[in-house]
Amino acid sequence: MEISALEQYAKKIRRSIINMLLDAESGHPGGSLSAADIVTALYFNEMNFDPKNPKDPGRDFFILSKGHACPALYAVLAELGCVKSEELCTLRRLGSRLQGHPGSDKDIAGIEVSTGSLGYGLSIGVGTALASRIEKRQNRTYVLMGDGEQQEGSVWEAAMAAGHYKLDNLCAIVDNNRLQIDGNTKDIMNVEPLIDKYKSFGWSTIEINGHDFKEILDAFKKAKETRLKPSVIIARTVKGKGVSFMENICDWHGKAPTKELAQKALKELE
């Protein structure tokens, strides 16, 4: 897909995120907006995923380890027809399939596993990638994590296992927006230097601007061509990307905009 088309899709995804959170009166705008370009690139350009045949054994797998950013995923799946567009307004409502974290029990095409308890997505990805190798399938597994999530010890157990088994069909992406719920990641528990850490665990490392589609697509291409190593893409992003009053503001980690602020945000996203 042309980069200009991906940019338009990403803008539409961001508008959907704002509308969903406005209707729900709760949710996580900051990390959903920072991840929107990455998820858009994965589903509309990178991954082998057919929404009409979502259980195809040859499909690629996507695991949203930072499950609180599910509005970005739901919005993409709605564009693909996996979720009805009118269903987006049911985010977080009692009985809705679209809960505040993805649930694999909700029968939504494109959601492979339940996530949200941070630190486990990469471990699941390691298992998925190993299974693909054992079954001699060409699937790739993509895992999107947050940078605050790198503070979890289970991430590094999984990273060690992926390096040990040389899982070159595994690609992790770190949404490195430098903020978490309580403030700056570097002040709460500094995770840098991430590049050096992953290299020491036997990973191929790529650092990019997580809002530049050319860099995103080039990084996925490089990861796909890498042999005998798992790949991690450290994507420098902006929390709240696309909405000026949300960008780089920790307070927008987990609260919904008012009607007035939502209208302002949607105006900026036209």
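Above this text you will find the structure in question.
Note that this is a predicted model, so its numbers are computed, not measured.

(A) Molecular detail of empty space enclosed by the protein. Tallying each qualifying case throughout the model produces one cavity of 30 Å³ or more. As a volume, the largest cavity reaches approximately 50 Å³. What lines the largest cavity is simply F62, I63, L64, L73, P102, G110, I111, E112, V113 and T115. Top element by residues in the lining of the largest cavity is strand 1 (residues 61–64). It accounts for three residues. Grouping the constituent residues of the lining of the largest cavity by class yields seven nonpolar, two polar and one charged.

(B) Local environment of the sheet that holds strand 3 (residues 170–176). Spatially, five strands are ordered 1-2-3-7-6 in an open sheet, and the strand pairing comes out parallel. For this open sheet the edge positions go to strand 1 and strand 6 (204–209), each flanked by a neighbour on one side alone. Averaged over neighbouring strand pairs, the angle between their axes works out to 20 degrees when direction is ignored. Across six bridges, strand 3 lies against strand 7 (residues 231–236) in parallel orientation.

(C) Inspection of a positive patch on the surface at higher detail. Positive charge collects at one region of the surface, where K166, K199, K222 and K229 lie side by side. With respect to the helices and strands, the residue K166 is situated in the loop between helix 5 (153–164) and strand 3. Residue class for K166 comes out partly exposed when judged on its relative accessible area of 41%.

(D) Spatial organisation of the pairing of strand 6. Pairing between strand 6 and strand 7: six bridges, direction parallel. Along strand 7, the bridge assignment pairs S204 with S231. What joins strand 6 to strand 7 is helix 8 (residues 213–225), and the crossover it makes is right-handed.

(E) Local environment of helix 1 (residues 3–24). Taking 1.5 Å as the rise per residue, helix 1 with 22 residues should run 32 Å; its terminal C-alpha atoms sit 31 Å apart, in good agreement. Where helix 1 is concerned, the buried positions are L6, A10, I13, R14, S16, I17, I18, M20, L21 and A24. On its buried face, helix 1 sits against helix 2 (29–46), helix 3 (70–79), helix 8 and helix 9 (259–268). Just beyond helix 1, the residue with positive phi is E25, at close to 60 degrees.

(F) Structural context of the side chain of N176. You can see N176 is positioned in strand 3. Setting aside chain neighbours within four positions, we find N176 in contact with D147, E192, I234, A235, R236 and T237.

(G) Main features of the pattern of salt bridges. Tallying each qualifying case throughout the model produces 13 salt bridges. Here E112 and R59 are joined by a salt bridge, their closest N and O atoms 2.8 Å apart. Of this pair, E112 sits in the loop between helix 3 and helix 4 (121–134) while R59 is found in the loop between helix 2 and strand 1, placing the two residues 53 residues apart along the sequence. An identical accessibility class is assigned to E112 and R59; each is buried.

Procedures and definitions
- Residues numbered from 1 in each chain as written.
- Predicted model: local features only at pLDDT ≥ 70, side-chain atom pairs only at ≥ 80, totals over all residues.
- Heavy atoms only, no water.
- 1 Å grid on protein atoms, 1.4 Å probe; cavity = no way out; pocket = protein on both sides within 12 Å on 5 of 7 lines; lining within 4 Å.
- Points joined across faces, edges and corners; volume = space filled by probe spheres on them.
- Helix = DSSP H or I, 4+ residues; strand = E, 2+ residues; numbered from the N terminus.
- Nonpolar A, V, L, I, M, F, W, Y, C, P; charged D, E, K, R; others polar.
- Pairing = 2+ DSSP bridges.
- Axes fitted to C-alpha atoms, helices over the stretch in contact; angles between N-to-C directions.
- Patch = residues over 30% accessible without salt bridge, like charges linked within 9 Å, V, L, I, M, F, W, Y side chains within 5 Å.
- Areas by Shrake-Rupley, 256 points an atom, 1.4 Å probe, with all protein chains shown as cover.
- Salt bridge = Lys/Arg side-chain N within 4 Å of Asp/Glu carboxyl O.
- Lys, Arg positive; Asp, Glu negative; His and termini not counted.
- Charge placed at Lys NZ, Arg CZ, Asp CG, Glu CD.
- Buried < 20%, exposed > 50% of the residue type's maximum accessible area, 1.4 Å probe, protein only.
- Right-handed = clockwise from strand over helix to strand, strands pointing away.
- Expected span 1.5 Å × (residues − 1).
- Contact = heavy atoms within 4.5 Å.

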